[in-house]
Amino acid sequence: MKSQILGTGSYVPPKILTNTDLEKIVDTSDTWIVDRTGIHERRIAEPGEACSDLGIRASESALANAGIAAQDLDMILVATCTGDYPLPSTACLIQHRLGATRAAACDIAAACCGFVYALSIANAYIKAGYRYVLVVGAEVMSAITDWSDRNTCVLFGDGAGATVVGRSEGEAGILSLHLHADGRLADLICVPGGGSSRPASQTILDERLPYVKMRGNETFKIAVKTMEEAVREALAANELTINDIDCFVPHQANIRILKAVAERLKLPLEKTAINLDRFGNTSAASIPLALDEAVKTGKVQPGNLVLLAAFGSGLTWASGVLRW
Ligand code: ACO
C-alpha cells in the first residue's frame, strides 16, 4: 500500500519587503541581491503574527482541497524552526484551532529539510494504518533574522504550505523518500543563542545570537553537491532517468544553486518550480509552497512524476519521488 498527497494548500502574509526596501536598512543593492540570489522580494508576517497563524491558513486550504474534515485527521506534523514557542509545539496549536481533536500532533525540526522529513513520517504512519496525516511547513523566518546583517537578512521570507497525506487507491502516490544528515556541519547554518546551550539573556541579545548565522559560500557549494547526490539517489532507487521527471520542486534558497543543480543533472530549468524570486528562502515552507503553486497553476498534472529535493541546517538533505 502506498500513501499519496490528497490535497495541497499554502499561505503567505500580504506584506511585501522588496530589495529596494532592504537598501534602506543595510548596505546592499537590488542588483547584488538579484544577481547573487535571484530574490526580488519576500513576504513578512505582521508583528504578533506567528507560525501557527500562517500554518492554520495553509492547513485549511489543504484540507478543503483534499475534501477532508479536520476531525478525520489522525496526525498533524509541523515542520518548522520558527514555532510560536519552544513549547508547546505549533502542531498542537494548529490541532486546537482546526478542531482536529482526534489527531496526534508534534513539530519536526530539520530546518529547510523539515517538510520532506515530516512527509516521510506521514508516509510511514499511513502505511502503518493511519488514514489522514496533515503535513505543514510553516516559518516566520523574519523572527530569527538579524536585520542588521546584510549577509543573511536579504535571503529569508515568511510563509506556509500544507499537504494532506492519505492512502493511495491507484497509481498515484509517494514512490520514494530518502533522508540524510551530517551533524559535523552543524555550525554552517545555526541560531547560536536562545536554546539550552546559551539560554536567553541580555548578553545573548546584545551579541545578536538568537538570529541565523550562516557561512553562505560554504553552504552554497555543499548545497549543490548534496542536492545533486540526493536526486541521483532518488532516480536510481526508482529506476528512472532525469528525462522521466515532469516537475522538479526543490528547496528554494538561491537561483544559482537551482541553476547549478539543473545543469549538473541536465534537467531543463523550465521543469523546475521556482518561487524564491517572490518569497525568498522560506525554509521548511518552501517546498510545500512551491508544490501547491505548481499544482494550482497546472505545472503538475495527474500522472506526472514529481521530484522533491531539499537541504538545510543540520546539515540535512533529502529527496522524494511522487507519482501525482
Ligand atoms: N549586499 C551586498 N553585498 C553583500 C551582501 C549583500 N546583501 N551580502 C554579502 N555581501 C558581500 C560580502 O560582504 C562579500 O564582500 P567582500 O568580498 O568585500 O568580503 C561579497 O558580498 C561576497 O560574499 P559571499 O558570501 O562570497 O557571496 P556569495 O556569492 O557566496 O553569495 C549568498 C552569498 C547569497 C549567501 C550565497 O552564498 C548563498 O546563497 N549561499 C547558500 C545559502 C543557503 O543555501 N542557505 C540554505 C540554508 S538556510 C536554512 O537552512 C534555514
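What you see is a predicted model, and the numbers here were worked out from it, not measured in a lab.

Q: Please clarify how the sheet that holds strand S1 (residues 3–11) should be interpreted in this entry.
A: Paired through backbone hydrogen bonds, the strands of a sheet run either parallel or antiparallel to each other. One open sheet holds the five strands; their spatial order is S1-S7-S6-S4-S5, and the pairing between them is mixed. Since the sheet does not close on itself, it has two edges, and those belong to S1 and strand S5 (104–108), each with one partner. Each strand axis lies, on average, 20° off the axis of its neighbour in the sheet, ignoring direction. With five bridges joining them, strand S4 (residues 75–79) and strand S6 (residues 133–140) adopt parallel strand pairing.

Q: Help me out: how do you make sense of the packing of aromatic side chains in this one?
A: Given two aromatic rings, their pairing is described by the distance between the two centres and the angle made by the two planes. Scanning the model with the defined rule gives one aromatic pair in all. Seen from their ring centres, Tyr-125 and Tyr-130 are 5.0 Å apart, and the 45° between their planes marks the pair as tilted. One residue, Arg-278, lies across the ring of Phe-279, its end atom 5.2 Å from the ring centre.

Q: I keep staring at the site of the ligand and nothing clicks. Help me out?
A: In the region of the ligand, 25 residues are neighbours, and Thr-28, Arg-36, Cys-112, Asn-217 and Asn-254 sit closest. In this structure, Asn-254 approaches the ligand through a side-chain N or O atom, which is 2.6 Å from an oxygen atom. At a separation of 3.1 Å, an oxygen atom of the ligand approaches a polar side-chain atom of Arg-256. When the free accessible area of the ligand is taken as 1000 Å², the share hidden by the protein chains comes to 76%. Secondary-structure elements contributing two or more residues to the shell around the ligand are helix H2 (30–37), helix H6 (150–153), helix H8 (216–237), helix H9 (255–265) and strand S12 (305–312). Residue contributions to the shell around the ligand peak at four residues, all from H8. Taken together, the residues of the shell around the ligand break down into 11 nonpolar, 10 polar and four charged. Both domain 1 (3–170) and domain 2 (175–323) contribute no fewer than three residues apiece to the shell around the ligand.

Q: Help me understand unusual backbone geometry in this model?
A: Glycine aside, a negative phi is what most residues show, and trans is what most peptide bonds show. A cis amide bond links Leu-87 with the next residue in sequence, Pro-88, at an omega value of 0°. Among the structural elements, Pro-88 can be located in the loop between S4 and helix H4 (90–98). Note the cis peptide between Gly-314 and Leu-315, where omega equals -10°. Along the chain, the position of Leu-315 falls in the loop between S12 and strand S13 (316–323). The phi angle at Glu-239 is positive, at roughly 50°, despite the residue not being glycine. Looking at the element boundaries, Glu-239 is found in the loop between H8 and strand S11 (247–250). One non-glycine residue with positive phi stands out, namely Lys-266, at about 60°. Examined against the element boundaries, Lys-266 turns out to sit in the loop between H9 and helix H10 (276–279).

Q: Hey, could you run me through the sheet that holds S12 in this one?
A: Pairing in this open sheet of four strands is mixed, and the strands run S8-S13-S12-S11 from one edge to the other. In this open sheet, the two strands that pair with only one neighbour each are strand S8 (173–181) and S11. Each neighbouring strand pair of the sheet contributes to a mean axis angle of 10°, computed without reference to strand direction. Two elements, S12 and S13, share eight bridges in a ladder whose sense is antiparallel. Note that in S13 the partner of Leu-307 across the bridge is Val-321. Packing against the sheet, H8 makes contact with S8, S11, S12 and S13, and its axis sits at approximately 145° to S12.

Q: Quick question: what am I supposed to make of the packing of H8 against H9 here?
A: Helix-helix packing is characterised by the crossing angle of the two axes and by the distance between the axes. Two elements in contact, H8 and H9, have axes separated by 9 Å at closest approach and are oriented at 40°. When the axis of H8 is compared with that of H9, the two are oblique. In the packing of H8 onto H9, the handedness of the crossing is right-handed. Contacts between H8 and H9 involve Phe-220, Ala-223, Val-224, Lys-225, Met-227, Glu-228, Val-231 and Arg-232 on the former and, on the latter, Arg-256, Ile-257, Leu-258, Ala-260, Val-261, Arg-264 and Leu-265. For the contact of H8 with H9, the class distribution of residues is 10 nonpolar, no polar and five charged.

About the cut-offs
Residues numbered from 1 in each chain as written. Predicted model: local features only at pLDDT ≥ 70, side-chain atom pairs only at ≥ 80, totals over all residues. Heavy atoms only, no water. Pairing = 2+ DSSP bridges. Helix = DSSP H or I, 4+ residues; strand = E, 2+ residues; numbered from the N terminus. Axes fitted to C-alpha atoms, helices over the stretch in contact; angles between N-to-C directions. Phe/Tyr/Trp six-rings, centres within 6.5 Å; stacked < 30°, edge-to-face > 60°. Lys NZ or Arg CZ within 6 Å of the ring centre and 35° of its normal. Near = heavy atom within 4 Å. Polar contact = N/O pair within 3.5 Å; in protein donor to acceptor, adjacent residues only side chain to side chain. Areas by Shrake-Rupley, 256 points an atom, 1.4 Å probe, with all protein chains shown as cover. Nonpolar A, V, L, I, M, F, W, Y, C, P; charged D, E, K, R; others polar. Domains from an automatic or database assignment. Contact = heavy atoms within 4.5 Å. Parallel < 35°, antiparallel > 145°, perpendicular 65-115°, else oblique. Left-handed = near helix turned anticlockwise from the far one by under 90°.

Shape descriptors only; they carry no functional weight alone.
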